[in-house]
Amino acid sequence: MKRLVILGGGESGVGAAILGKEKGMDVFLSDMGTIPARYRQQLEAEGIPFEEGHHTEALILNADEVVKSPGIPPTAPIVKALVEKGIPVISEIELAGRYTDAKMVCITGSNGKTTTTLLTYHILKGAGINVGLAGNVGKSLALQVAREHHDVYVIELSSFQLENMYHFKANIAVIMNITPDHLDRYEYKMQNYVNAKFRIIQNLTSRDAFIYWQDDPVIQAQLEHLVTEAQKYPFAEHKEEDTKAYLDAEDELIINTPDTSLQMPRADLALNGLHNLYNSMAAGLSACLLDVKKEDIRKALSDFEGVEHRLEYAGTVDGARWINDSKATNVNSCWYALESMPEKGVILILGGKDKGNDYSEILPLVEKKVKAIVAMGKDNSKILSYFLGKVPTLLNTHSLQECVDACHDLAQEGDTVLLSPCCASFDLFSSYEDRGDQFKAAVKLLKPKGVKS
């Protein structure tokens, strides 16, 4: 009997454990931290042995194969020990892909991948396709393969998940963009990060599709020396050679694939901003390649409701709008947020766990639109030193409440308070969702100036 060890007791780990059990393997799960109660209950109900709070090497290093949570870095001691023993370490997605013949729409990118994933899923589900949602969003792919059946899966893939994928094959692979992110994971070498992202197109055949942003310089540079058999479907704001999705001179969205030619006014798109135009193009191309009817695509592109924590309206206080963009955990994501903001009166909240950020990318937009930066984090020294003298007001805060109060004092009618932190959340919060939820809750409690609490 094959022994399968799972490292990590979260959504992907527990899903992999259940799939392993379904396939008759001897399964054991180990988590260095505390397994959340709902996942512990799942493991107990399934009769899957597990441990938490430590890794017992004797129970792990006897594995035939190991599924590693994407959050565990390759530098972790237990992972190094596995590699030294020659024990294969794979991802949950790699495992699940062995046991399904469903079509796979796989989406990655430094920014926009969650919105594009959910929008693609929204289109397919609205068209009546039996579709599953997996990866960084939705339920574990392994769990769905074990307990459900879908004809198509739409999967959001981070660079961490792609690291341990080897034989898994997408039918449609999408790269939205590549900008510096998670460089602390990749020895502060951009090429290492790029290589991880491009693993999404490995194993593509001439029957498969590769969708990507045509004007991304990193993608273009990689394609100069990387060969893929897949059919290419680039998208761009304006038509270029070989562009398959673009805006025409009348501001109409045009999408062309071998079997579909779709056109709709940009004004009819549910999502605003240039970044969301690209998200709509990638999702629309994917749907066309899956033979979804044009009317179903147009309808879904026009009624999609967006993604929580991504440019999410949080409230209006004293005539100032508050926007929760907590999902902006890198500089480029913040750039897209600022690009969609009004021309002036932005109060920008930055800060958190820095991942090797270069703030020069957002500086032109900051100088044009931002009247104040409020840094929020345990250590804001990098932000304070970079933006000193570059904005009229620069404040240093060390808690969410202190930050929100400072922004409230600064905000005037017509201003926009934008939480778009450029950084991971783990200095003060458990996740970017936790940061966004706390931000929205704090905004709801704000009283108009002059009103006593």
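Conventions we followed
Residues numbered from 1 in each chain as written. Predicted model: local features only at pLDDT ≥ 70, side-chain atom pairs only at ≥ 80, totals over all residues. Heavy atoms only, no water. Helix = DSSP H or I, 4+ residues; strand = E, 2+ residues; numbered from the N terminus. Rg over C-alpha atoms; globule rule 2.2 N^0.38 Å. Buried < 20%, exposed > 50% of the residue type's maximum accessible area, 1.4 Å probe, protein only. Contact = heavy atoms within 4.5 Å. Areas by Shrake-Rupley, 256 points an atom, 1.4 Å probe, with all protein chains shown as cover. Pairing = 2+ DSSP bridges. Salt bridge = Lys/Arg side-chain N within 4 Å of Asp/Glu carboxyl O. Core = buried A, V, L, I, M, F, W, Y, C linked by side-chain atoms within 4.5 Å. Axes fitted to C-alpha atoms, helices over the stretch in contact; angles between N-to-C directions. Expected span 1.5 Å × (residues − 1).

Draft legend 1. How the structure looks around the overall build of the chain. Counting its regular elements, the chain contains 17 helices and 20 strands. Taken over C-alpha atoms, the radius of gyration comes to 23 Å for the chain, in line with the 22 Å a tight globule of 453 residues would show. The 453 residues of the chain split such that 57% are buried. Summarising the internal contacts of the chain: among those between residues at least 6 apart in sequence, 66% fall at separations of at least 24. In the structure as shown, the chain presents an accessible area of about 18900 Å², 50% of it carried by carbon and sulfur atoms.

Draft legend 2. View of the pairing of strand S15 (residues 312-317). As judged from the five bridges shared by S15 and strand S16 (residues 320-324), these two strands associate in the antiparallel manner. When the sheet's bridge partners are listed, Thr-316 is paired in S16 with Arg-321. The hairpin turn running from S15 into S16, its antiparallel successor, is two residues long, and Asp-318 in that turn takes a positive phi close to 55 degrees.

Draft legend 3. Up close: the pattern of salt bridges. This model, assessed by the stated rule, comprises 17 salt bridges. Across the salt bridge formed by Arg-147 and Glu-46, the nearest N and O atoms sit 3.0 Å from each other. Of this pair, Arg-147 sits in helix H7 (residues 141-147) while Glu-46 sits in helix H2 (residues 37-46), and the two are 101 residues apart along the sequence. Under the relative-accessibility criterion, Arg-147 is labelled partly exposed at 42%. Its salt-bridge partner being Asp-325, residue Arg-310 comes within 2.4 Å of it at the nearest N-O pair. Within this pair, whereas Arg-310 is found in the loop between helix H12 (294-303) and S15, its partner Asp-325 is found in the loop between S16 and helix H13 (331-339), the two being separated by 15 residues in sequence. Just as Arg-310 is buried, Asp-325 falls in that class too.

Draft legend 4. Broad picture of the nonpolar core. Among the nonpolar cores identified, the biggest contains 52 residues, and Leu-141, Ile-155, Phe-198 and Phe-210 are the most heavily contacted of them. Val-105, Leu-124, Leu-247 and Leu-253 belong to the second-largest nonpolar core, a separate cluster that totals 44 residues.

Draft legend 5. Region of the structure containing the sheet that holds strand S17 (residues 346-350). The six strands lie next to each other as S15-S16-S20-S17-S18-S19, forming an open sheet whose pairing is mixed. The open sheet terminates on both sides in strands that have one partner only, identified here as S15 and strand S19 (393-397). Averaged over all pairs of adjacent strands, the angle between strand axes in this sheet comes to 20 degrees, irrespective of strand direction.

Draft legend 6. Focus on helix H6 (residues 113-126). Counted at 1.5 Å a residue, the expected span for H6 with its 14 residues is 20 Å, and the 20 Å between its end C-alpha atoms agrees. With ten of 14 residues buried, H6 lies mostly within the body of the structure. Taken residue by residue, H6 has Lys-113, Thr-114, Thr-115, Thr-116, Thr-117, Leu-119, Thr-120, Tyr-121, Ile-123 and Leu-124 as its buried positions. Looking at the packing, one finds that the buried side of H6 touches strand S6 (103-108), strand S7 (131-135), strand S8 (152-156), helix H9 (190-197), helix H11 (274-289) and H12. Gly-128, located one to two residues past H6, shows a positive phi value of around 85 degrees.

Draft legend 7. Representation of the environment of Ala-170 within the structure. Looking at the element boundaries, Ala-170 is found in the loop between helix H8 (159-163) and strand S9 (172-175). Note on Ala-170: relative accessible area 2%, which makes it buried. For Ala-170 and Tyr-153, which are 17 residues apart along the polypeptide, the C-alpha to C-alpha distance reads 9.9 Å.

Draft legend 8. Summary view of the sheet that holds S8. Taken together, the nine strands give an open sheet; going across it, the order is S7-S8-S6-S9-S10-S11-S12-S13-S14, and neighbouring strands pair in mixed fashion. Edge positions in the sheet fall to S7 and strand S14 (260-265), since each of these pairs with one other strand and no more. Each strand axis lies, on average, 15 degrees off the axis of its neighbour in the sheet, ignoring direction. The pairing of strand S12 (residues 245-247) with strand S13 (residues 252-257) spans three bridges and is classified as antiparallel. Bridge assignment links Tyr-246 to a residue of S13, and that residue is Ile-254. Of the strands in this sheet, S6, S7 and S8 touch H6, which is tilted by about 165 degrees from S8. Packed onto the sheet, H12 meets S13 and S14 and runs at close to 35 degrees relative to S14.

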